[in-house]
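As a plain string of letters, each chain reads:
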Amino acid sequence: MLIRKLFLEHKFLPVFAAIVIITFVMIGLANLSTQSNPPTQSSAATMENTEPLASTTPSPAPLATPLSTWTAVPAHWEPLSPIPGVARVLFTNGDRAENKVALTFDVCQAEGDLAGYDSEIIRVLNETQTPATFFLGGEWMRDHQANTLELARNPLFELGNHSWSHRDFSVISADEMKNEILLAQQQMYDLLGYQTNLFRLPYGTYNEEALNVIGENGLYAIQWDDVSGDPDPNIDAQRMTNGVLQHLQSGSIIIMHANGRGWHTAEALPGIIQSIRQQGYTLVTVSDLLQIQPYK
Ligand SMILES: [Zn+2]
C-alpha cells in the first residue's frame with residue numbers, strides 16, 4: 001500500500017524505478033558477455049598481432065615438422081597445371097636487349113634450422129621503391145606467417161616457392177622433389193589463398209629430372225646470372241657491390257638472401273640499387289623480366 005501510495009503521489013517514482021530496472025538489466029547483459037567465449041581470430045591475424053613485424057631475430061623456435069607430419073592441406077587446393085616441356089629449362093636471365101634487371105631474395109630455411117627475416121632489406125626496398133621477387137621456403141612461411149603476409153601485401157613484391165625444407169634437388173628422388181614443391185605450394189595457399197608459378201632451386205643444384213618435376217607441377221625454374229655471394233660473411237658490402245655491378249647486364253637476375261644470413265646485403269643494397277639505376281636499367285620483378293603471368 002505504501003509503495004502504491006508513493007507511486008500515485010510522487011510522479012518521479014516510476015522514473016526512478018525504470019532507472020533501477022534498466023541498470024539491473026545492463027549488469028546482467030555484461031555478465032553474460034564475459035561468460036561467453038572470447039571472439040575468435042584467424043591464426044594469421046593472431047600472429048600479426050603478437051609477432052613483431054620488424055624483426056631480424058628469429059621468432060621462438062618451434063620444433064621442425066617432419067615432412068610426413070604436415071597435414072594441413074587447405075581445402076580446395078590443387079596443384080597448378082603442368083607447363084609445356086619446352087619451358088622446363090633453367091631461366092638464368094631475361095631479354096638481353098631490354099634494359100631490365102631483377103633483384104631476387106631467397107628466404108631459405110632447412111628442416112630443424114630456423115632462419116630469420118631481414119627487415120632492413122625490406123625497409124631499403126620500400127624506401128627506394130624497388131620491385132623484388134622473394135623465394136620463400138615452405139617451413140619458413142610456416143614459422144614466419146606475419147612476415148609472409150607482410151611481403152604478400154606489398155605491391156612492390158612478388159613471391160616464389162623455394163621448396164619446403166631446402167633439400168638438394170640433385171640428390172633426392174622425383175617423389176621427394178614433388179613433395180618439397182607441393183608442400184610449399186600448399187603452405188602458401190593456406191596463408192595467402194594463392195600459389196606461385198616461380199620456383200627457386202635450393203642451392204641452385206639440379207638435374208634434368210628436377211627440371212621436369214618442377215615443370216610438371218606448374219612452376220618455372222628461376223636461376224640467376226649475377227651472384228651477390230651474400231651468405232659469405234667475408235664478402236663485405238664494398239666487395240659485394242663491386243661483384244654484382246661487374247656481372248650486371250641487360251636481363252640479369254641477381255640473387256641475394258633475406259633470411260638474416262645475407263650478412264652485408266642490407267648495407268650494400270642502397271648503393272647497388274642506385275648504381276643499377278644510374279646505368280639506365282629498370283629494376284623489375286622476375287615475372288615482369290621473363291614476361292610470365294604470375295599465378296595468383
Ligand atoms: Zn636457399
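Residues numbered from 1 in each chain as written. Predicted model: local features only at pLDDT ≥ 70, side-chain atom pairs only at ≥ 80, totals over all residues.

K.L.:
Give me the lowdown on the overall build of the protein chain, citing residues and values where you can.
P.N.:
Of the regular secondary structure elements, the protein chain holds 11 helices and nine strands. Counting the 296 residues in the protein chain, one finds 36% classified as buried. (Helix = DSSP H or I, 4+ residues; strand = E, 2+ residues; numbered from the N terminus. Buried ≥ 20, exposed ≤ 12 C-beta atoms within 10 Å, placed from the backbone.)

K.L.:
How would you summarise unusual backbone geometry if you had to cite specific residues and measurements?
P.N.:
Across the chain, the bulk of peptide bonds are trans and the bulk of non-glycine residues have phi less than zero. Here the phi dihedral of Ser163 falls at roughly 70 degrees; this positive angle occurs in a residue that is not glycine. Within the secondary structure layout, Ser163 lies in the loop between β4 (157-161) and α7 (174-192). Owing to 28 C-beta atoms within 10 Å, Ser163 belongs among the buried residues under this scheme. A positive phi is found at His166, a non-glycine position, where the angle reads about 60 degrees.

K.L.:
Residue-level account of the nonpolar core, with values.
P.N.:
Ranked by internal contacts, the top residues of the largest apolar core, which has 55 residues, are Val107, Phe134, Phe199, Ile214 and Ile254. It is α7 that provides the largest number of residues to this core, a total of seven residues. (Core = buried A, V, L, I, M, F, W, Y, C linked by C-beta atoms within 7 Å.)

K.L.:
Can you lay out helix α9 (residues 237-247) for me, pointing to particular residues and giving the numbers?
P.N.:
Of the residues making up α9, those classed as buried are Met240, Thr241 and Val244. One side of α9 holds all its buried residues, which, seen down the axis, span an arc of 100 degrees. Residues of α9 that are exposed and angled more than 90 degrees away from the buried face: Gln238 and Gln246. In this structure, the buried side of α9 is in contact with β7 (226-227), β8 (253-257) and α10 (265-278). (Arc of directions from axis to C-beta. Contact = placed C-beta atoms within 7 Å.)

K.L.:
Go over the pairing of β8 with me, naming the residues and quoting the values.
P.N.:
Where burial is concerned, most of β8 is hidden: five out of the five residues are buried. Of the two faces of β8, the one carrying Ile253, Ile255 and His257 and the one carrying Ile254 and Met256 are both buried. Bridge count for strand β2 (residues 100-107) against β8 is five bridges, and the pairing is parallel. Looking at the pairing, Ala102 lines up with Ile253 of β8. (Pairing = 2+ DSSP bridges.)

K.L.:
Kindly report on the packing of α7 against helix α8 (residues 208-216), identifying the contributing residues and their values.
P.N.:
The N-to-C vectors of α7 and α8 enclose an angle of 40 degrees; their axes lie 10 Å apart at closest approach. Put simply, α7 runs oblique to α8. Seen along the crossing, α7 lies across α8 with a hand that is right-handed. Residues Ala174, Met177, Lys178 and Ile181 of α7 touch α8, and the partners they reach there are Glu209, Ala210, Val213 and Ile214. Grouping the amino acids of the contact of α7 with α8 by side-chain chemistry returns six nonpolar, no polar and two charged. (Axes fitted to C-alpha atoms, helices over the stretch in contact; angles between N-to-C directions. Parallel < 35°, antiparallel > 145°, perpendicular 65-115°, else oblique. Left-handed = near helix turned anticlockwise from the far one by under 90°. Nonpolar A, V, L, I, M, F, W, Y, C, P; charged D, E, K, R; others polar.)

K.L.:
Account for the packing of helix α4 (residues 119-127) against α10, with residues named and values stated.
P.N.:
For the pair α4 and α10, the least separation of the axes is 9 Å and the interaxial angle reads 15 degrees. The angle between the axes of α4 and α10 places the two elements in the roughly parallel class. Like other packed secondary-structure pairs, α4 and α10 cross with a definite hand, here right-handed. From α4, Glu120, Ile121 and Val124 reach across to α10, where they touch Thr265, Ala266, Leu269 and Pro270. The residue makeup of the contact of α4 with α10, split by class, is five nonpolar, one polar and one charged.

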